[in-house]
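Here is how the chains run, residue by residue.
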Amino acid sequence: MIDRKLLAILLAATLAGCSSTTEPAALTAAAAPVAAVQPPSPQGRVAAVLATPPQPAAPGPQGVGNVVYFDYDSAAIRPEFQDLLAAHARYLRGRAGTGMVVEGHTDERGGREYNLALGQQRSDAVRKVLGLLGASPASVETVSFGEEKPVAVGHDESGWSRNRRALIRYSK
């Protein structure tokens, strides 16, 4: 039988080995006095902003959103999103070779398989409307994430309504 002292030493050594994931350099930096860390000067912050190259505009029609929201348990496109989809269809028609991915999302209610199917119905509905508005169906890919990528974590209607969506992303 193992001696209790030996068991205690083995247990302590095991716990000590697992107790920290901090790198040695981080320990040294953490031990440095607080006064040694100086915030950047306002001039340094301005210079950093000016040195940052401008980011290109996101592909897609400018000034138009890229999210279509849905009612509970529905894949029907609401009338208020017709203009948004018409703008995206015009954008696609005018740019050969531009592709789009429509991601279907749901709220957390419902089973995993059901939500994946509903998310796919939502992305397919957006694709269908874009096709009816003149966009090439071959340029629009659809995918469903179901409930896996929520944008709101609330467990109430305000959170759920933001998660019931189709997100439009452009690809090259």
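Above this text is the structure in question.
Here the residue index of a chain counts from 1 through its sequence in written order. Local features in a predicted model are, by the rule used here, given only for residues with pLDDT of at least 70; side-chain atom pairs are given and counted only at 80 or more, and totals for whole chains, interfaces and linings are based on all residues. By convention in this description, side-chain values take in all heavy atoms of the structure and omit both hydrogens and water.

So, the packing of aromatic side chains
Operational definition: Side-chain rings of Phe, Tyr and Trp, where Trp is taken by its six-membered ring, are said to pair if the distance between their centres is within 6.5 Å; with planes under 30 degrees apart they count as stacked, over 60 as edge-to-face, and otherwise as tilted. In this text, helices come from DSSP runs of H or I with a minimum length of four residues, and strands from runs of E with a minimum of two, each type numbered from the N-terminal end. Type-normalised accessible area, obtained with a 1.4 Å probe on protein chains alone, sets the label of each residue: buried when under 20%, exposed when over 50%, and partly exposed for intermediate values. Lysine NZ or arginine CZ positioned within 6 Å of the ring centre and within 35 degrees of the ring normal marks a charge as sitting over the ring.
Here the structure, examined in full by the defined rule, presents two aromatic pairs. With centroids separated by 6.2 Å and ring planes inclined at 55°, the aromatic side chains of Tyr69 and Phe81 adopt a geometry described as tilted. Here Tyr69 is found in strand β1 (residues 67-69), whereas its partner Phe81 is found in the loop between β1 and α4 (82-93), with twelve residues between them in sequence. Under the relative-accessibility criterion, Tyr69 is labelled partly exposed at 28%. You can call Phe81 buried: its relative accessible area is 10%. The interplanar angle of 70° and the centroid separation of 5.0 Å between the aromatic rings of Tyr91 and Tyr170 together place this pair among those described as edge-to-face. Within this pair, whereas Tyr91 is found in helix α4, its partner Tyr170 is found in strand β4 (residues 165-171), the two being separated by 79 residues in sequence. Residue Tyr91 shares its accessibility class with Tyr170, and that shared class is buried. Between Lys149 and the ring centre of Phe145, over which it is positioned, the NZ or CZ distance is 4.2 Å.

Observations concerning the side chain of Arg122
What counts, and what does not: Counting rule for charge: Lys and Arg are taken as positive, Asp and Glu as negative, and neither His nor the chain ends is counted. Between Lys or Arg on one side and Asp or Glu on the other, a salt bridge is scored when a side-chain nitrogen of the former is within 4 Å of a carboxyl oxygen of the latter. The contact criterion used is simple: two residues touch if any of their non-hydrogen atoms lie within 4.5 Å.
Relative to the helices and strands, Arg122 is located in helix α5 (residues 112-132). Buried within the structure, Arg122 lacks any salt-bridge partner; its nearest side chain of opposite charge belongs to Asp107, at an N-O separation of 6.2 Å. When neighbours within four sequence positions are excluded, Arg122 is seen to be in contact with Phe70, Asp71, Tyr72, Asp73, Ser74, Ala75, His105, Thr106, Arg164, Arg165 and Ala166.

Some points on the nonpolar core
We apply this condition: Here, the term nonpolar core denotes a set of buried Ala, Val, Leu, Ile, Met, Phe, Trp, Tyr and Cys residues that are joined through side-chain atoms within 4.5 Å.
Ranked by size, the top nonpolar core spans 20 residues in total, and within it Val68, Ile77, Leu85, Met100, Val126, Leu130 and Ile168 carry the most contacts. The set of elements that each furnish at least two residues to this core consists of α4, β2 (99-105), α5 and β4. Here the element with the most residues in this core is α4; it accounts for five residues.

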